Amino acid sequence: MKFKVRAARKEDCKDISRMIMELAVYEKMPDQVKISHEELERDGFSPNPFYECLIAEVPDEHKTKDGYTIVGYALYFYTYSTWKGRSVYMEDLYVMPDFRGKGIGKGLMAKVAQVGVEKQCVRLQLSVLEWNKPSLDFYVSKGAEDLTAKEGWHFLRFDGQTLDTLAKEAPKD
């Protein structure tokens, strides 16, 4: 199937938001999505964006039954390793179910890798839910290492009240 991968534009944010919700439903966490397409527009298309995004687009003859031609996305941002240097973190990789197995996910991920290499990143990192064996197998088949199994790393988070509480403990200026 023909498709193209391109940088997302501000006007793509409604489609990105739609697919974020589809991904959240697949991951059994739709109630966790609190972001709107307006926030995606603000955070990704401001003078200092917090993220970058690629989309996969198919020609009109392959559009979905609902009329969508944007059928996948990869959302990523840059981070830094004090041991290795520049890194790119892929927050989401999603392809609509009817378009899986056609090289679109691989194309999106390879393009994120290419962008990272062009920016002198030394690694591409991501996380995957423990039960999501198809995705884990896909990433491993492309050469990813499972750091939980290999090195025992745990992925931790502060949010909501725990983030606010921690922030209040910061030294005063």
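Each chain carries its own residue numbering, running from 1 in the written order of its sequence. With pLDDT at 70 or above as the cut-off, local features in this predicted model cover only qualifying residues; side-chain atom pairs require 80 or more to be listed or tallied, and sums for whole chains, interfaces and linings still use all residues. Water and hydrogen atoms were dropped before computing side-chain values, which therefore reflect all heavy atoms in the structure.

- As recorded in an unreviewed UniProt entry, the chain goes by Spermidine/spermine N1-acetyltransferase family member 2b and comes from Hucho hucho.
- UniProt positions are given in the numbering used here, feature names are shortened, and annotations may be inferred rather than shown by experiment. The record in UniProt for the chain states the following under Sequence similarities (unreviewed entry): "Belongs to the acetyltransferase family."

1. Notes on the UniProt feature "domain: N-acetyltransferase" (unreviewed entry) in the chain
Moving on, step 1. UniProt records the feature "domain: N-acetyltransferase" (unreviewed entry) for residues 24-171 in the present numbering.
Moving on, step 2. We count a stretch as a helix when DSSP gives it H or I for four or more residues in a row; a strand needs E for two or more, and each element gets its number in order from the N terminus. Between the end C-alpha atoms of residues 24-171 there is a gap of 37 Å, over a span that is 33% helix and 22% strand.

2. A short note on the sheet that holds strand β4 (residues 85-95)
Moving on, step 1. Strand order across the open sheet formed by five strands is β1-β2-β3-β4-β5, with mixed pairing between neighbours. Among the strands making up the open sheet, the edge pair consists of β1 (4-7) and β5 (123-125). Strand-to-strand, the axes of this sheet are offset by a mean angle of 30 degrees, without reference to chain direction.
Moving on, step 2. Following DSSP output, two strands are said to pair if at least two bridges run between them. The pairing of β1 with strand β2 (residues 52-57) spans four bridges and is antiparallel. Residue pairing for β2: R6 is matched across the bridge by I55. Simply put, an axis is a line fit to the C-alpha atoms, just over the touching stretch for a helix, and the angle between two N-to-C directions goes from 0 to 180 degrees.

3. Here we look at the nonpolar core
Moving on, step 1. If you look at the biggest cluster of nonpolar residues, it comprises 33 residues, and the most contacted ones within it are I16, Y73 and L108.
Moving on, step 2. Taken together, the elements giving at least two residues each to this core come down to α1 (13-26), β2, β3 (70-81), β4 and α3 (104-118).
Moving on, step 3. Per-element tally for this core: the top contributor is β3, with six residues.
Moving on, step 4. In this analysis, two residues are considered to be in contact whenever any of their non-hydrogen atoms come within 4.5 Å of each other. Once residues within four sequence positions are removed from consideration, L108 is found in contact with V5, L54, I55, A56, G72, Y73, A74, L93, Y94 and V95. In this text, buried Ala, Val, Leu, Ile, Met, Phe, Trp, Tyr and Cys residues form a nonpolar core when linked through side-chain atoms within 4.5 Å. Three exposure classes are used, based on accessible area relative to the maximum for each residue type with a 1.4 Å probe and protein chains only: buried under 20%, partly exposed in between, and exposed over 50%.

4. Quick look at the pattern of salt bridges
Side-chain pairs of opposite charge can arise whenever the charged atoms involved come near each other.
Moving on, step 1. A side-chain nitrogen of Lys or Arg and a carboxyl oxygen of Asp or Glu constitute a salt bridge if their distance falls within 4 Å. Inspection of the entire model under this criterion finds nine salt bridges.
Moving on, step 2. Residues D15 and R18 are paired through a salt bridge, measuring 3.1 Å at the closest nitrogen-oxygen approach. Of this pair, D15 and R18 both sit in helix α1, three residues apart, which is roughly one turn of that helix. Neither residue differs from the other here; D15 and R18 are each classed as buried.
Moving on, step 3. Notably, a salt bridge pairs K150 with E145, separated by 2.4 Å at the nearest N-O pair.
Moving on, step 4. Judged by relative accessible area, K150 falls into the exposed class, the value being 52%.
Moving on, step 5. Classification of E145 as exposed rests on a relative accessible area of 51%.
Moving on, step 6. One continuous salt-bridge network, built from bridges that share partners, spans R6, D12 and E57.

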